[in-house]
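# Secondary and tertiary structure notes
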Amino acid sequence: MKSPLLGGAGEYRSRNLSYNRLVNLYAELVDTKDGSAVGALYGCPGLTLVATVGAGPIRAELVAKNGLLYVVSGDTLYSVTTSYAATALGTIGSFYGAVSLIDNGTQLLVVDGTGGWVWDYTSSTFSQVLPGTLGVTPGIAIFQDGFGVISQVGTNNFYQSNLNDFTTWSSLNGSKANSTPDPIVGMADIHREIWLFKQYTTEVWVNAGLNGFVFQRLQGVQIQSGIVAPASVARVGESLVWLHQDNEGQGMVLLANGYQATRISTHGIEHQIAEMAKAGTISDARAFVYQQEGHTFYVLSFPTGGQTWVWDAVTRLWHERAFFSNGQFTLYRPATAVAFNNLIIAGDYLNGSLYSLDLDVYTDAGATRKWLRTWRALPPNQRSAAELEFRQLTISLQTGVGIPSGINPQFMLRYSDNAFQWSNEIWTDSNLTGNTQANIIYRRLGQTRFATGLDRLFELSGTDPTPVALIDADVEVYPA
């Protein structure tokens, strides 16, 4: 019978309810006569080092209108050419934390929560402009209709620059997001609107063409959700996604559907977020978005929690990304990403490395990358309260094309009957090289027993630098 290998990730409070892990694999849809369905699990992109920019960490990236990539590494702003030559332009007031970069065509504004600095493309000068005469410590910066817009740290105040001039700010060109008293935590711009994400609510403002301060609140619009992590908000296609907080709680991931907030996280994802919040904090969560081969991925990392969760806007399924070190999964290395030079260029949260995200690369900058899939052995309508014997598991894989010479990929299987204690690993090779219809087969997988559990789970993994595409699974099972 078919074993439900395909699908997304979900690690729920009760493992007996659901314990489906999907690490460094993502789901691909195929068209069938019944509509679209998940048809494969593909390996996530590997990392190729393209440049080292300062000592790191990489805190922000922006592709400016002059065609250069600008990167904040540690406390230094750099420009990076298409040949990946990096030039230091100046230093800012902090080494760590989220940074905003915005560009108006002639100037670049850097905001880091302590101040604001402008790089002028024409004069090649770097100068601090905030707090400046405005006397405001900026938290976040966005760009809208030629204006720089900043929030004031710890308040619901926000300000605009002069038109097409990030160096000039006036206290008269500001306002308060005061429909509720909670402070502005995050900001985003989309569809020529400014979204002010506060602690518990969100306001939307638009350019009304007013004298002086040009923006006004969009009347009748208030989203009853705030944000817990300022750097978690990102544009995904025609919508915004963020890590939610309101007066009732926190920890859901929401997507804007017009002016309605729609939950896209699952109970399994929310359980993991809640556990990280209890153990430390989730306010440092950060997100970036990239598109690759028709998929749009929202990548949400929790530096304190050590986890990275990724939502695919096409399949609407989640998976995990992780770096593999000393036999353990650790936090995914990319913290930022932009489309530059016909590649997706990602920045490392630990050092100054810039990587390309490449689906045809099977290591993380030369380091071993591990993928893993955990799933229930039997479909829901076939599960049994009786003892069962598992005689054979067959995994269908992609063709053997693209396997490097001299490598015969090994696949590791473990199984559990209670979602806590696991068998030893069973290794098998795929004999993939040149084989266009490859299967891997595991035989004599024991039986479930009343004394040890009746809930069979399988866990399949691999570490070889080869393509991964899991297509299907079949299991032979009989009454014990």
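Shown above is the structure to which this text applies.
Notes on the structure follow. (Residues numbered from 1 in each chain as written. Predicted model: local features only at pLDDT ≥ 70, side-chain atom pairs only at ≥ 80, totals over all residues. Heavy atoms only, no water.)

### What to know about the pairing of strand β12 (residues 107–111)
The buried fraction of β12 amounts to five of the five residues, a majority that puts the element mostly inside the structure. Of the two faces of β12, the one holding Gln 107, Leu 109 and Val 111 and the one holding Leu 108 and Val 110 are both buried throughout. Pairing geometry for strand β11 (residues 100–103) and β12, over four bridges, is antiparallel. Bridge pairing links Ile 102 to Leu 109 in β12. (Buried < 20%, exposed > 50% of the residue type's maximum accessible area, 1.4 Å probe, protein only. Helix = DSSP H or I, 4+ residues; strand = E, 2+ residues; numbered from the N terminus. Pairing = 2+ DSSP bridges.)

### A word on the packing of aromatic side chains
In total, this model carries 21 aromatic pairs according to the counting rule given. Centre to centre, the rings of Phe 158 and Phe 213 are 5.5 Å apart; their planes meet at 75°, and the pair counts as edge-to-face. Taken together, the residues span a long stretch of sequence, with Phe 158 in strand β17 (residues 157–162) and Phe 213 in the loop between β21 (202–207) and β22 (215–223) at a distance of 55 residues. For the pair shown, Phe 158 and Phe 213 are each scored as buried. Ring pairing ties together the aromatic residues Tyr 26, Tyr 42, Phe 288, Tyr 290 and Phe 297, which thus form one cluster. Lying across the ring of Tyr 478, Arg 391 places its NZ or CZ 3.9 Å from the centre. (Phe/Tyr/Trp six-rings, centres within 6.5 Å; stacked < 30°, edge-to-face > 60°. Lys NZ or Arg CZ within 6 Å of the ring centre and 35° of its normal.)

### Quick look at unusual backbone geometry
Here the bond from Gly 56 into Pro 57 is cis, since omega is 0°, no more than 30 degrees from zero. Mapping Pro 57 onto the fold places it in the loop between β6 (46–52) and β7 (58–63). A cis amide bond links Leu 130 with the next residue in sequence, Pro 131, at an omega value of 5°. The phi dihedral of Asp 145 falls on the positive side, at around 55°, and the residue is not glycine.

### Side note on the pattern of salt bridges
Where side chains of opposite charge bring their charged atoms close, a pairing between them can arise. All told, the structure shown has 15 salt bridges when counted by the stated rule. Between Asp 103 and Lys 65 there is a salt bridge, with its nearest N and O atoms 3.5 Å apart. You can see Asp 103 sitting in strand β11 and its partner Lys 65 sitting in the loop between β7 and β8 (69–73), a full 38 residues away along the chain. Given the relative accessible area of 6%, Asp 103 is considered buried. By relative accessible area, Lys 65 is classed as exposed at 57%. Connected through salt bridges with shared partners, the residues Asp 182, Lys 198, Glu 203 and Arg 217 form a single ionic network. (Salt bridge = Lys/Arg side-chain N within 4 Å of Asp/Glu carboxyl O.)

### Describing the side chain of Ser 100
Note that Ser 100 resides in strand β11. In this structure Ser 100 comes out as buried when scored by relative accessible area, which is 12%. In this structure the side chain of Ser 100 is engaged in a polar contact, spanning 3.2 Å, whose partner is the backbone nitrogen of Ala 141. Ignoring sequence-local partners within four residues, the contact set of Ser 100 consists of Leu 109, Val 110, Val 111, Ile 140 and Ala 141. (Polar contact = N/O pair within 3.5 Å; in protein donor to acceptor, adjacent residues only side chain to side chain. Contact = heavy atoms within 4.5 Å.)

### A closer look at the nonpolar core
In this structure, Leu 393, Phe 458, Leu 460 and Leu 470 are the most contacted members of the largest nonpolar core, which totals 49 residues. With five residues, the top contributor of residues to this core is strand β38 (residues 388–397). Formed by 16 residues, the second largest nonpolar core is a distinct cluster that contains Leu 62, Leu 108, Val 110 and Trp 117. (Core = buried A, V, L, I, M, F, W, Y, C linked by side-chain atoms within 4.5 Å.)

### Structural notes on the sheet that holds strand β35 (residues 343–348)
Across the sheet, four strands lie side by side as β6-β36-β35-β34; this open sheet has antiparallel pairing. Of all strands in the sheet, those with a lone pairing partner are β6 and β34 (334–340), marking the two edges. Between one strand axis and the next, the sheet turns by 35° as a mean value, whatever way the strands run. Bridge count between β35 and strand β36 (residues 353–358): three bridges; the pairing is antiparallel. What sits directly across from Ile 345, in β36, is Ser 356. (Axes fitted to C-alpha atoms, helices over the stretch in contact; angles between N-to-C directions.)

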